[in-house]
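Structural overview
Each chain, letter by letter, is given below.
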Amino acid sequence: MTVDGTDENNLEQGIYTKDAACLRKNGRHRRSLSDLSPSQKCGAWASHFQRLFVSFIGADWIYLMILGFIMAVFSFAMDSFVDLFTEAHRWIYDLADSHVVLQYLAWVTYSLFLMCFAAGFAHIVSIQAAGSGIPETKTSLRGVFLQEYFTFKTLVSKFISLTCVLGSELPVGKEGPFVHVGSLCAALLCKFMSLFSGIYKNKARNEEMLTVGCAVGIGCCFAAPIGGALFSLEVSSMFFVTRNYWRGFLSATFGSIIFRLLPVWNRQEETLTALYATKYRLDFPFDLQELPIFAAMGIVCGFGGAFFVYLYGKISLFVKKQKATNSFLMKNCFLYSALVSVLISTLTFPPGFGQFMAGRLTQRDSLISFFDNRTWSNHGIVADFDNDDHLAAWKHPQANVFIILSAFVIMKFWMSALSITLPIPCGSFVPIFVIGAAFGRLVGEGLATLFPDGFNIDGHTYNIVPGAYAVIGAAALTAGVTHTISTGVIMMELTGQISYTLPILISVILANMVSQSLHPSIYDTVIRIKKLPYLPMLSWGHREKYNIYVEDFMKREVRYITLNSSYRDIIKILHSGNLKTLPLVKSAESMLLLGSVERVQLLALLTQRLQHLREENASTVRYKVHFQPSSEESASASAHLDSTKRLKSALKQPSVDEEEITSVYDSGLNLKKFFCSRPDIEAMEDDPDAGNDTILQEIEEWEEQQLDKQVDFNRCKTDPAPFQLVERTSLHKTHTMFSVLNLDYAYVTSIGRLVGVVSLKELRDAIESCIPADGVRLRPVLSTFRDRGVRGTRTETIELHQLLDHQIS
């Protein structure tokens, strides 16, 4: 009992002492503030509020809301400019209504001018703005950050060129490029927010914020925050970081709200509605007999999506081959774009062939007409609509609605595949939407013709709604091209139709199943054609992925350093390549892997050695060393040199400015100049001791001795646990580890001995079996089904003593 009472007293005394210390501390703080002058008090409070303001601005939710607001303004501004360009195009076309030739020239020349300006501006300002940008964003999120694709110059080039391309009415979309624009804004905003919060200086975290840019890019185009967040999850990376989901959803939601509020504030709309609001019936949206039709549409759209990507790949390879052979068509960035623009404008000329495919309508007007809840035809004859109605463009006196819709689908299909191969900012999302909606409208009008009285349910007649089929066709075909499920959610948010959730999801899932079995997605195809350093996914048909091991495709010739390496060895291996990391082994005989050393650490080690030798030799022979690192990787190495004073040479050498100091190593090091630059013989002519050649000979011998000294690796940072694989790691496991951890390379060991190294290049080659000269192997149709057979995976069981015997031998 005495012990317990003593413990309680000690505890109470400790608490009392702690409270008294806190009171004394607060009292000193109050007294210190009371002792300050009024001006000092104001300065202290100002500093306090400044810290609060900086921490408030640097908060995550502030960053996300700023990003959403910026993207919403960009999207609204681009739509406004595109509308102005389109109205100007129609105004110029209507001015020449007296003569068909003048109308044709006005129709073609206007589009040609905008297209050439967009191609030239993108080529001059930033060629990285060409294309959609989603493949490059995927590659950057994979771990290989493409810095040149996320600069302010690329943002300006992308925005202006894309606006002109959309104004020329080429069948391309802005949604794909806007995903890139969102990632661009996220990267640039991180640099700005680093002024307020140090967390934004973390490179790995900032790369994760690119997924937020992907979500807000889609959200601000379709006013679909949920679909945008899901799309970024599906497309941006193979393994999504869950903590980024709420960030993407918050930013996309705020951006979507601002994007829809801007037209209301500008008095263009009355209230917040869906971008393509529909008015389908809600009491009985569809009959169960229509579900098989929806499923069949999904299967057909899966085949159509795979064929679209296949056609795009063939056209891209043809264009790439023409560039490689210096074809006249590809020598100038304007020629190919101008030719395609003239071709498409000619085919869509309203008085010409465009009258059979509603050439006067824009893509937005076409979608509005496809989603209309009215039935167009009665036995194939289009009903009479007002001339100012979009549906009037689909009426032709010599052709019924089925011919017009079929011609539209076929022509827009190859036109869109051709257009997205141009060296301009362009996306495939909206053109595929339009083609899928036209296909769905064709199916819906056909059913409305076959069943003019609709379905009779319990004495009530329900007519077929062709517009609903257009919604389902648009979602399914886009899913077949992009290999995403989120297109169904985007379509529901885009049209405001929740009652058709089940048919949309059924068609989207079936389209994905068929398309993924036949061909890679549009984004993976672009990655393969451009040879971007992205790790492809393992196909369903690769049953041999469990029977291929790392030892079958690893690189066995590995550059390494040992504990006994000299400074001469370090310099030699730095000369041999630009490897960022080198393995450290115990000795060349044992090859026992001890860790890895980064190149910048080796440069810092050599710099420290140089500084030490300078100080050691300053008392006997003074010299000046021409030394300056030439790359960002040696920035930390040069920091040690900048902190020391430059020694003045006792020899009479001319003064050299800092700008004239040349680098002695870029991919390697100059042996003599690194440790001691040889004195200038001409400068020694005026020196009375210049004739003494013995000193020069001693300096050379001393240099050689210093180069052969052993390196002390305790002075540099070494990673004692680099990522390692064993020889018998399967291809499937290797692919999973590289994907989840975003690895660039991994060392292969055998009972601790370094036997090889595997990088993204070797792993990608192993997955694709063999890569042709053009860098892409597009899978033919039904290749996956042919790959599948009765072959099963062979399970191998290796006993421990057999494994040890194999490694020792």
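All figures in this text were calculated on a predicted structure; none of them were measured in a lab.

Reading the values: the criteria
- Residues numbered from 1 in each chain as written.
- Predicted model: local features only at pLDDT ≥ 70, side-chain atom pairs only at ≥ 80, totals over all residues.
- Heavy atoms only, no water.
- Axes fitted to C-alpha atoms, helices over the stretch in contact; angles between N-to-C directions.
- Helix = DSSP H or I, 4+ residues; strand = E, 2+ residues; numbered from the N terminus.
- Parallel < 35°, antiparallel > 145°, perpendicular 65-115°, else oblique.
- Contact = heavy atoms within 4.5 Å.
- Left-handed = near helix turned anticlockwise from the far one by under 90°.
- Pairing = 2+ DSSP bridges.
- Core = buried A, V, L, I, M, F, W, Y, C linked by side-chain atoms within 4.5 Å.
- Buried < 20%, exposed > 50% of the residue type's maximum accessible area, 1.4 Å probe, protein only.
- Patch = residues over 30% accessible without salt bridge, like charges linked within 9 Å, V, L, I, M, F, W, Y side chains within 5 Å.
- Areas by Shrake-Rupley, 256 points an atom, 1.4 Å probe, with all protein chains shown as cover.
- Salt bridge = Lys/Arg side-chain N within 4 Å of Asp/Glu carboxyl O.
- Disulfide = S-S within 2.5 Å.
- Phe/Tyr/Trp six-rings, centres within 6.5 Å; stacked < 30°, edge-to-face > 60°.
- Lys NZ or Arg CZ within 6 Å of the ring centre and 35° of its normal.

Let us now look at the packing of helix α4 (residues 100-125) against helix α6 (residues 152-167). For the pair α4 and α6, the least separation of the axes is 8 Å and the interaxial angle reads 170 degrees. Compared by their axis directions, α4 and α6 come out roughly antiparallel. Across from Tyr110, Leu114, Phe117, Ala118, Phe121, Ala122 and Val125 in α4, the residues of α6 making contact are Lys153, Val156, Ser157, Ile160, Ser161, Cys164, Val165 and Gly167.

What follows is about the packing of helix α12 (residues 291-324) against helix α16 (residues 429-450). For the pair α12 and α16, interaxial distance at closest approach is 12 Å and the crossing angle is 145 degrees. The two elements α12 and α16 cross, and the hand of that crossing is right-handed. For the pair α12 and α16, contact is made by Ile293, Met297, Val300, Cys301 and Phe308 and by Ile432, Phe439, Gly440, Val443 and Leu447, respectively.

Here the focus is the sheet that holds strand β8 (residues 724-726). Across the sheet, three strands lie side by side as β8-β9-β10; this open sheet has mixed pairing. Each of the sheet's edge strands pairs with one partner strand only, and the pair in question is β8 and β10 (753-759). Across the sheet, the mean angle from the axis of one strand to that of its neighbour is 35 degrees, orientation sign disregarded. Bridging between β8 and strand β9 (residues 745-750) involves three bridges; their strand directions are parallel. Counted as the bridge partner of Val726 is Thr749 from β9. Running at roughly 170 degrees to β8, helix α27 (residues 731-741) makes contact with β8, β9 and β10 of the sheet.

The next point concerns the nonpolar core. Ranked by size, the top nonpolar core spans 132 residues in total, and within it Tyr63, Phe370 and Phe371 carry the most contacts. In terms of nonpolar packing, the next biggest core, distinct from the first, is built from 17 residues, Leu602, Leu603, Leu707 and Phe713 among them.

A grouping of Ile226, Leu233, Tyr245 and Phe249 is seen on the molecular surface, where their side chains present a nonpolar patch of about 300 Å² in accessible area. Listing elements by their share of the nonpolar patch, those giving two or more residues are α10 (225-235) and α11 (245-265). Structurally, Ile226 is set in helix α10.

A separate point is the sheet that holds strand β5 (residues 561-562). Spatial strand order, β5-β6-β7: three strands in an open sheet with mixed pairing. Edge strands, defined here as strands with exactly one partner in the open sheet, are β5 and β7 (593-598).

Here the structure, examined in full by the defined rule, presents zero disulfides. Lacking any disulfide linkage, Cys220 is separated from the closest cysteine sulfur, that of Cys221, by 7.1 Å. On the accessibility criterion, Cys221 (4% relative accessible area) is buried.

A separate point is the pattern of salt bridges. Across all of its chains, the model carries nine salt bridges by this definition. Here Arg260 and Glu269 are joined by a salt bridge, their closest N and O atoms 2.7 Å apart. For the salt bridge of Arg728 with Glu551, the shortest nitrogen-to-oxygen distance reads 2.7 Å. Here Arg728 is found in the loop between β8 and α27, whereas its partner Glu551 is found in helix α21 (residues 550-553), with 177 residues between them in sequence. With relative accessibility at 17%, the residue Glu551 sits in the buried group.

As a further point, take unusual backbone geometry. Residues other than glycine predominantly adopt negative phi, and peptide bonds predominantly adopt the trans conformation. With phi around 65 degrees, Glu169 is a residue other than glycine that occupies positive phi space. The topology assignment puts Glu169 in the loop between α6 and α7 (175-193). Taking relative accessible area as the criterion, Glu169 reaches 21% and is therefore assigned partly exposed. Of note in the backbone geometry, Ala358 takes a positive phi value of approximately 50 degrees without being a glycine. With respect to the helices and strands, the residue Ala358 is situated in the loop between α13 (333-347) and α14 (363-370).

Time to look at the packing of aromatic side chains. In this description, a pair of aromatic rings is defined by centroid distance and the angle of the planes. One pass over the full model with this rule turns up 21 aromatic pairs. A ring pair is formed by Phe74 and Phe159, whose centres lie 5.4 Å apart and whose planes are at 50 degrees; its orientation type is tilted. Taken as a pair, Phe74 in helix α3 (residues 60-95) and Phe159 in helix α6 lie far apart in primary sequence, 85 residues in all. Residue classification places Phe159 among the buried positions, given a relative accessible area of 18%. Summarising the aromatic geometry, the rings of Phe286 and Phe294 are spaced 6.1 Å apart at their centres and angled 75 degrees between planes, so their arrangement reads as edge-to-face. On the accessibility criterion, Phe286 (15% relative accessible area) is buried. Following the ring pairs from residue to residue traces out a cluster consisting of Tyr280, Phe286, Phe294, Tyr469 and Tyr500. Cation over ring: Lys174 sits above Phe178, and NZ or CZ is 5.0 Å from the ring centre.

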